[in-house]
Amino acid sequence: MPEQLTFPKDFLWGTAGAAHQVEGNNINSDSWVLEHVPGSPFVEPSGDACDHYHRYPDDIALIASLGFNTYRFSIEWARIEPEQGEFSIAALEHYRRMLAACHEHGLTPIVTYHHFTSPRWFAAKGGWEVMANAELFARYCEKATAHLGDLIAAACTLNEPNVGILIQQMGFMPSDAKLLNAPFRAAAAKAVGSDTFAAFPHCQQQPARDTFLKAHRLAFDAIKASRGDFPVGMTLAMSDHQAVPGGEAVRDKARHEIDDVFLDVARADDFIGVQTYTRTRYGAEGILPSEAGVELTQMRYEFYPEALEATIRYAASYTGLPVIVTENGIGTEDDTRRIEYVRRALRGVHQCLQDGIEVRGYCYWSIFDNFEWAQGYRPKFGLIAVDRTMQIRTPKPSAKWLGSIAQENALAE
Ligand code: BGC
């Protein structure tokens, strides 16, 4: 008989997505601008994406039919506040209908207020590089909560405010470097009729980090003061930072900048959202390349699902907070490797639970093969394949496999 690893009653079994990556035609966002500036390093624009903006009723029904009980998605600031101070009731009503559809299908909705994209007017005001702009984010959160709060089950303010620092420390991909270079930023600014353009996460991290932290706290308070009687937290991009002998001090310093500074602020929250994909190894001289012969994912980082257990332990012990795994997944064309990745990651989650760590849920990234930012549609993170010409959805074996684990609330080993 296979061993059954059972999970706590009410464990959140979900899958995640983000507005810009799936909705399509998010033309008022800063990312849309970056995708269309001449010389853009984005390999292709987001275009129609998965047309989730229109197809959400069927998509939500499909997620539920696969067996999940949770859907994490983001609402789009660029749609809700298309010009500074002008709030669109129609856009808010759209997200209200999405939330209602989740409830109708028995899905617990976890809402992210900001998943990388901002309105273009915000980027044109200096975005996250300007501390005073934190207030603008909090005002949007307050308005969105007033309209949607009664239907939200849990909320993440900012998705991965530390991702820019993580990317910088790990070494830029050519596309990241280009998005930050002065001539490209000047071209983006010109496209929006401004002399500045700062998009998340492609901006100077030093001023931005403090703005993120302030924006998160202001947003947390604004949500709570509005209709936010649900748990609120932030999500972090957490790599498993490992030191080889002699690399401990370098590792600790890097981890302090990438994780601890954010975890310190998160301590005042209701939960911490852990988002983990791989590990980073450090020697005395800095980050080490992957060892020869290790399996790499489509994102060129190591296939290392054990990272999730380590980051859950780190986040929980550092903050003392309950954890929700708000993202964990793999970009691969080979769905059998996805199943293997998730199986090993879930063993780690179970081990944490056995040790008394409060892990409330696991959301696989991502629901669909979707727009992987500058890399376009090539990386395949989805549980569901999408033919984007006809917008046909085809669940992969991994979707059915993980959905049945959700249904059983147990992993058979
Ligand atoms: C982000 C997602 C992204 C995923 C895979 C996370 O850092 O939140 O937007 O698609 O990683 O790279």
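Preceding block: the structure.
Position numbers for residues start from 1 in each chain and track the written sequence from start to end. pLDDT decides what is reported in this predicted model: residues at 70 or higher carry local features, side-chain atom pairs at 80 or more are listed and counted, and totals for whole chains, interfaces and linings draw on all residues regardless. The basis for every side-chain value is the complete set of heavy atoms in the structure, and neither hydrogens nor water enter the calculation.

Even after reading the chapter, I still don't get unusual backbone geometry, so can you show me in this structure?
Cis geometry marks the peptide bond from phenylalanine 200 to proline 201; its omega dihedral reads 0 degrees. Where helices and strands are cited, they refer to DSSP runs of H or I of at least four residues and of E of at least two residues respectively, numbered from the N terminus. Mapped onto the secondary structure, proline 201 falls in the loop between α10 (182-191) and α11 (205-225). With an omega of 20 degrees, the peptide bond running from tryptophan 365 to serine 366 counts as cis. Phi at phenylalanine 116 is positive, roughly 75 degrees, even though this residue is not glycine. With respect to the helices and strands, phenylalanine 116 occurs in the loop between β4 (108-114) and α6 (120-124). For the exposure calls, accessible area comes from a 1.4 Å probe over protein chains only, and a residue counts as buried if that area is under 20% of its type's maximum, exposed if over 50%, partly exposed in between. When its relative accessible area of 9% is taken as the criterion, phenylalanine 116 is described as buried. Although it is not a glycine, arginine 300 adopts a positive phi angle of roughly 75 degrees. By the element assignment, arginine 300 lies in the loop between β10 (286-288) and α13 (307-319).

Just checking my understanding: could you explain the site of the ligand for this structure?
What surrounds the ligand is a group of 13 residues, the closest being Gln21, His115, Glu160, Glu327 and Glu372. A distance of 3.5 Å separates an oxygen atom of the ligand from a polar atom in the side chain of tyrosine 277. Computed with the Shrake-Rupley method and a 1.4 Å probe, the accessible areas treat only the protein chains shown as cover for residues. When the ligand is considered free in solution it has 310 Å² of accessible area, and contact with the protein chains removes 92% of it. In these notes, residues near a molecule or strand are those with any non-hydrogen atom within 4 Å of it. Residues adjacent in sequence count toward polar contacts only when both atoms are side-chain atoms; beyond that, a polar contact is any pair of N or O atoms within 3.5 Å, and within protein one must be able to donate a hydrogen and the other to accept it.

Help me out: how do you make sense of the packing of aromatic side chains in this one?
Aromatic ring pairs: the centre-centre distance and the angle between the two ring planes describe each pair. Only rings of Phe, Tyr and Trp enter the pairing, Trp through its six-membered ring, and a pair is recorded when the two centres are within 6.5 Å. The plane angle decides the type: under 30 degrees is stacked, over 60 is edge-to-face, the rest tilted. Scanning all chains against the criterion turns up 25 aromatic pairs. The side chain of arginine 388 reaches across the aromatic face of tyrosine 377, ending 3.5 Å from its centre. The residue whose ring lies beneath arginine 393 is phenylalanine 368, and the NZ or CZ to ring-centre distance is 4.9 Å. Distance and angle both matter: a charge sits over a ring if NZ of Lys or CZ of Arg is within 6 Å of the ring centre and within 35 degrees of the ring normal.

Would you take a moment to explain the sheet that holds strand β8 (residues 271-276) for this structure?
In a beta sheet, neighbouring strands are held together by backbone hydrogen bonds and run either parallel or antiparallel to one another. Taken in spatial order, the eight strands line up as β2-β3-β4-β5-β6-β8-β11-β12 and close into a barrel, and their pairing is parallel. Neighbour-to-neighbour, the strand axes of this sheet turn through a mean angle of 25 degrees, independent of strand direction. Bridge analysis of strand β3 (residues 70-74) against β4 gives five bridges, and the strand direction is parallel. Paired with threonine 70 across the bridge in β4 is threonine 108. A pair of strands counts as paired when DSSP detects no fewer than two bridges linking them. For helices, the fitted axis covers only the stretch in contact; all axes are lines through C-alpha atoms, and the angles between them, taken along N-to-C directions, range from 0 to 180 degrees.

Is there a simple way to explain the sheet that holds strand β9 (residues 279-283) in this structure?
Spatial ordering of the open sheet is given by β7-β9-β10, a layout of three strands whose pairing is mixed. Looking at which strands have only one partner, the edges of the open sheet turn out to be β7 (240-243) and β10. When the angles between neighbouring strand axes are averaged without regard to direction, this sheet yields 40 degrees. Of the strand pairs in this sheet, β7 and β9 are connected by four bridges, and their pairing is parallel. Residue pairing for β9: histidine 241 is matched across the bridge by threonine 280. Contact criterion: two residues are considered in contact whenever any of their non-hydrogen atoms come within 4.5 Å of each other. The strands touched by helix α12 (residues 248-266) within the sheet are β7, β9 and β10, with β7 carrying the most contacts at an inclination of about 165 degrees.

What am I meant to see in the pattern of salt bridges here?
Close approach of charged atoms allows side chains with opposite charge to pair. A side-chain nitrogen of Lys or Arg and a carboxyl oxygen of Asp or Glu constitute a salt bridge if their distance falls within 4 Å. Applying the stated rule across the entire model yields 30 salt bridges. A salt bridge links aspartate 355 to arginine 313; the shortest N-O distance between them is 2.8 Å. Taken as a pair, aspartate 355 in the loop between α14 (335-354) and β12 (359-365) and arginine 313 in helix α13 lie far apart in primary sequence, 42 residues in all. Salt bridges linked by common partners bring Arg279, Arg281, Glu291 and Glu302 together as one network.

Could you clarify how one ought to interpret helix α15 (residues 397-408) in this entry?
Count 3.6 residues to each turn of an α-helix, and residues three or four apart come out pointing the same way. Multiplying 1.5 Å by the helix residue count minus one yields the expected span of that helix. Taking 1.5 Å of rise per residue, the 12 residues of α15 would be expected to cover 16 Å, and the 17 Å separating its terminal C-alpha atoms lies within 8% of that figure. Those residues of α15 that fall on the buried side of the exposure criterion are Ser398, Ala399, Trp401, Leu402, Gly403, Ile405 and Ala406. If you follow the buried residues of α15, they end up packed against β2 (12-16), α3 (52-66), α14, β12, β14 (392-395) and β15 (410-412). The positive-phi residue at the C-terminal boundary of α15 is asparagine 409, with phi of around 55 degrees.

What is the right way to look at the nonpolar core in this model?
Generally speaking, soluble globular proteins have nonpolar side chains that are buried together. Throughout, nonpolar core names a set of buried Ala, Val, Leu, Ile, Met, Phe, Trp, Tyr and Cys residues whose side chains join them through atoms within 4.5 Å. Grouped together as the largest cluster of nonpolar side chains are 121 residues, with contacts concentrated most on Tyr113, Trp128 and Leu402. In terms of nonpolar packing, the next biggest core, distinct from the first, is built from 13 residues, Ile110, Ala154, Met299 and Phe381 among them.

What am I meant to see in α3 here?
Taking 1.5 Å of rise per residue, the 15 residues of α3 would be expected to cover 21 Å, yet its terminal C-alpha atoms sit only 17 Å apart, more than 12% below that figure. Maximal helix bending in α3 amounts to about 45 degrees, located at aspartate 58. Looking at α3, one finds that the buried residues are His52, Tyr53, Tyr56, Asp59, Ile60, Ile63, Ala64 and Leu66. One or two steps after α3, the chain reaches glycine 67, where phi turns positive at roughly 120 degrees. Bend, at a single residue, is the angle you get between axes fitted to the 7 residues ending at that residue and the 7 residues starting at it.

Looking at this structure, how should I read the pairing of strand β13 (residues 384-387)?
Burial of the side chains of β13 is restricted to one face: Ile384 and Val386 are buried, whereas none of Ala385 and Asp387 on the reverse face is. Alignment of β13 against β14, held across four bridges, turns out to be antiparallel. What sits directly across from isoleucine 384, in β14, is proline 395. Between β13 and β14, which follow one another and run antiparallel, lie four residues, and glutamine 391 among them has a positive phi close to 55 degrees.

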